[in-house]
Amino acid sequence: MRYSNIVSAMLMMIILTSVASAGVWQENFDNGLPDGWNAVKGEWKIEKDAYAETSGAEYAKTMFGDEKWTDYTLEVDITLVENVNVNAAGVLIRADKDGDNGMRFWIRTDQHKCQFSRWRENQWEHIVTPLPVEPKIGETYRLKVVAEGQNYQCFVDDELLFEGDDDAKFRDSGRIGFITHTANVHYDNLVIDGPDIPSFAVEPHGKLATRWGQLKTDFRIQSGDYDD
């Protein structure tokens, strides 16, 4: 029995280690804001278990991740919670430290609706505009961008709106960010998936570390190797 428990514990550890190296980062902001985010412009805070920009500033940005990240997929839920003006909100990918340069994908309630653009020195160079979306205040939309080499795929609510190459080859690596323009926005249920991405978001108060420690303790008890 002791031997079978040891084998079971080892198999479980192998499975968990495999999952941990899968390169998926997930965050729902239910336990506050994890370390690593830096607000560049605007007023960013946790509001109703989401990460919110509440100032309505022009080109408000908050950034996360590593400038060395290359190919990855980014998904996030976006809710335009109040009618401010343009009500533009979306994501930056493959961006530099403060999001001055990167690739931008966002929705907006004015005539442009949805755009995919280069974001060069805080100025836009549209790759495709407008895209066929009709965003509304109070509705939640899931934005997704897949970046592989110089090829990009852009989705809203799992509908592919654009696929193509960036012939300018502007960016091939960088951080992710949230970007808004004269909007009040909630971001939630963030997922980043790619070979360079760390696998777990350590939530505030060490929640993940505590859970991982408990798993290891459970394995030691099962294997009969726990005498504390």
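Just so you know, these numbers come straight off a predicted model, no measurement behind them.

Here we take up the packing of aromatic side chains. Summed over all chains, the structure comprises 17 aromatic pairs. Their ring planes at 55° and their centres at 5.1 Å tell us that Trp25 and Phe64 sit as a pair that is tilted. Residue Trp25 is located in strand β1 (residues 24–27), and its partner Phe64 is located in strand β5 (residues 60–64); the two are separated by 39 residues in the primary sequence. When the ring of Tyr59 is compared with that of Trp119, the centres are 5.2 Å apart and the planes differ by 45°; the resulting orientation is tilted. Of the two residues, Tyr59 is situated in the loop between β4 (50–53) and β5 and Trp119 in strand β9 (residues 114–120); the sequence distance between them amounts to 60 residues. Through a chain of ring-to-ring contacts, the aromatic side chains of Trp25, Phe29, Trp37, Trp44, Tyr51, Phe64, Trp69, Tyr72, Phe178 and Tyr187 assemble into a single cluster.

Before going further, it helps to spend a moment on the confidence of the model for the protein. On average, the protein scores 85 in pLDDT, and the residues at 70 or more come to 78%. In this model residues 202–228 is a low-confidence stretch, pLDDT under 50, and it forms 29 contacts with partners more than four residues away in sequence or in other chains.

Moving on to the pattern of salt bridges. Taken as a whole and judged by the stated rule, the model has nine salt bridges. A salt bridge links Asp100 to Lys61; its shortest N-O distance comes to 3.1 Å. Highlighted residues: Asp100 in the loop between β7 (88–95) and β8 (102–107) and Lys61 in strand β5, separated in sequence by 39 residues. Note on Asp100: relative accessible area 24%, which makes it partly exposed. Between Asp71 and Arg94 there is a salt bridge whose closest N-O contact spans 2.7 Å. Pair noted here: Asp71 is in the loop between β5 and β6 (72–82) and Arg94 is in strand β7, with a separation of 23 residues, a long-range link. With relative accessibility at 31%, the residue Asp71 sits in the partly exposed group. You can call Arg94 buried: its relative accessible area is 0%. Each of Arg118, Arg120, Glu125 and Asp166 takes part in salt bridges that share partners, so that together they form one network.

Looking now at the pairing of β6. Among the eleven residues of β6, nine are classified as buried, and the element is accordingly described as predominantly covered. Bridging between β6 and strand β15 (residues 184–193) involves eight bridges; their strand directions are antiparallel. Across the sheet, residue Glu82 finds its bridge partner in β15, namely Asn184.

Thresholds applied
Residues numbered from 1 in each chain as written. Predicted model: local features only at pLDDT ≥ 70, side-chain atom pairs only at ≥ 80, totals over all residues. Heavy atoms only, no water. Phe/Tyr/Trp six-rings, centres within 6.5 Å; stacked < 30°, edge-to-face > 60°. Helix = DSSP H or I, 4+ residues; strand = E, 2+ residues; numbered from the N terminus. pLDDT = per-residue confidence, 0-100. Contact = heavy atoms within 4.5 Å. Salt bridge = Lys/Arg side-chain N within 4 Å of Asp/Glu carboxyl O. Buried < 20%, exposed > 50% of the residue type's maximum accessible area, 1.4 Å probe, protein only. Pairing = 2+ DSSP bridges.

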